[in-house]
Every structure is written in C-alpha cells, then in structure tokens.
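Each chain, written out:
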Amino acid sequence: MLNEQLQIAALKQDDPTVVREIYLSNKKVFFAVASRYAVTTDDVEDIYQDAVIALIENAKRGKLDTLKSSVSTYLIAIGKFMIFKKLKQPHLQTDFSVLKEIDWEDFETADDTFEQTKLMREQFLKLGPKCQELLRLFYYEEQKLDAILEAVGASSKDVLKSQKSRCIKQLKDLMNFTKSNNG
C-alpha cells in the first residue's frame, strides 16, 4: 500500500484506485468495530460509505495534511463518530442493554428479556441527568475515563469511578424495588 502522504495526495485528486483500495482494505475492520453498537447492517454500510466520502472531503480541505494517525485509523474514527451520532437519535438514545455490571441472573427467565430491557429503560430514565450522562458515556459510547472526566467535569478518575458505582447501585436498587413491587 502507498505510504500515508501518497495516500492523502491521491485522495485529494479523487484517485479511484486509491479510494477503492482504502475502501476495501478498511471495510472489514469497520464492520467489526460497528458490530459492538446497536446499528443495523444497512446503517453500517451507509455510515461506512459516508465516512469514506468524509475522508476524501477532509483530504481535499487539507485536514489530513498534518494527520498524526494512519489514514485507516482516521477513517474508522470518522465512521465511529457517525455511528455515535446515529445512536444519539431519540429512538435509540436510552437503549442501555450493554450495562455489564448489573447481575442479570436476578431478573432473567427465558421469556422476560423484553420486559427486563423495558424495565431497565424505565428505571434508567428515573436516574438524575448526571447519572444518565455518565452511564451513557461509559457503557453506550464506550468512552475512556479521561474523555468522560472532561465531559462531566469530575475532579478525578477516583471521583468518577465512585459516581459511576453510585449510579449503577441506584439503577440496581430502582430495578430491584420495581421488580419486588410488581412481582
């Protein structure tokens, strides 16, 4: 494959060979990354094509001239950002089925997975906005602690971890309370 500077120069010229090579060589990796998120295969395909177009446009605007990562890494990052943007749409915003720290054994039977997810969404919405934001950033967007620290304005990683633990405990308590009162 061409080195990064030659790739960027070729992208600026809309070189179809290089565009095709970049498109094909990164597609499998992008689909693997996208599989971690609640997006359909059709959406992933559309997002990937949009990301490649954005890559070409950014190259033409000179945004890649001082690129510190590889073109591939930059392309995947663009696509991931587009996935997050898609997931922030109102109908998907509160799907937090990826909360890994909840002990689901207390809630699961073969027939109540839908009810369980519905219950979690309902109880999640009862959390305060700070807890919702923190859990969304950590679990749904899978951001690193440093990025979350900056986004929520916590004073340290330890404070952030404590806040996350309290939010998870609060969500568990809400779910247990609702489950015991309805069950």
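The rules behind the values
- Residues numbered from 1 in each chain as written.
- Predicted model: local features only at pLDDT ≥ 70, side-chain atom pairs only at ≥ 80, totals over all residues.
- Heavy atoms only, no water.
- Helix = DSSP H or I, 4+ residues; strand = E, 2+ residues; numbered from the N terminus.
- Buried < 20%, exposed > 50% of the residue type's maximum accessible area, 1.4 Å probe, protein only.
- Polar contact = N/O pair within 3.5 Å; in protein donor to acceptor, adjacent residues only side chain to side chain.
- Contact = heavy atoms within 4.5 Å.
- Salt bridge = Lys/Arg side-chain N within 4 Å of Asp/Glu carboxyl O.
- Core = buried A, V, L, I, M, F, W, Y, C linked by side-chain atoms within 4.5 Å.

Colleague: What is the right way to look at the environment of leucine 119 in this model?
Modeller: Its place among the elements puts leucine 119 in helix α5 (residues 113-124). Sequence separation between leucine 119 and lysine 179 is 60 residues; the distance between their C-alpha atoms is 8.5 Å.

Colleague: Even after reading the chapter, I still don't get the side chain of asparagine 58, so can you show me in this structure?
Modeller: Residue position: asparagine 58 is located in helix α3 (residues 41-60). The buried category is assigned to asparagine 58, whose relative accessible area is 10%. At a separation of 2.9 Å, a polar atom in the side chain of asparagine 58 contacts the side chain of tyrosine 74. The contact partners of asparagine 58, leaving out residues within four places of it in the chain, are Lys63, Leu64, Tyr74 and Ile78.

Colleague: Would you take a moment to explain the pattern of salt bridges for this structure?
Modeller: Close approach of charged atoms lets side chains of opposite charge pair. Counted under the stated rule, the structure contains nine salt bridges. Of the charged contacts in the structure, one is a salt bridge between glutamate 142 and arginine 36, with a shortest N-O distance of 3.9 Å. Here glutamate 142 is found in the loop between α6 (129-140) and α7 (145-152), whereas its partner arginine 36 is found in the loop between α2 (16-34) and α3, with 106 residues between them in sequence. Exposure remark for glutamate 142: the relative accessible area of 28% places this residue in the partly exposed category. The class for arginine 36 is partly exposed, based on a relative accessible area of 44%. Between aspartate 146 and lysine 157 there is a salt bridge, with its nearest N and O atoms 3.1 Å apart. Taken together, the residues aspartate 146 in helix α7 and lysine 157 in helix α8 (residues 157-182) connect sequence positions eleven residues apart. Accessibility expressed as a relative area gives 48% for aspartate 146, which makes it partly exposed.

Colleague: Would you mind going over the nonpolar core with me for this structure?
Modeller: Generally speaking, soluble globular proteins have nonpolar side chains that are buried together. Membership of the largest hydrophobic core comes to 31 residues, with the highest contact counts inside it found for Leu11, Phe30, Leu55 and Ile83. At the level of secondary structure, the elements contributing two or more residues to this core comprise α1 (4-12), α2, α3 and α4 (71-87). By residue number, the principal contributor to this core is α3, which donates nine residues. Among all residues touching leucine 55, those that are not within four sequence positions of it are Leu11, Ile22, Leu64, Val71, Tyr74, Leu75 and Ile78. By size, the runner-up hydrophobic cluster in this structure holds 17 residues, among which are Leu134, Leu137, Leu149 and Ala154.

Colleague: How should I be thinking about unusual backbone geometry in this particular structure?
Modeller: In most cases, non-glycine residues show a negative phi, while peptide bonds are predominantly trans. A positive phi angle is found at aspartate 14, which is not glycine, with a value near 55°. Position of aspartate 14 relative to the elements: it lies in the loop between α1 and α2.

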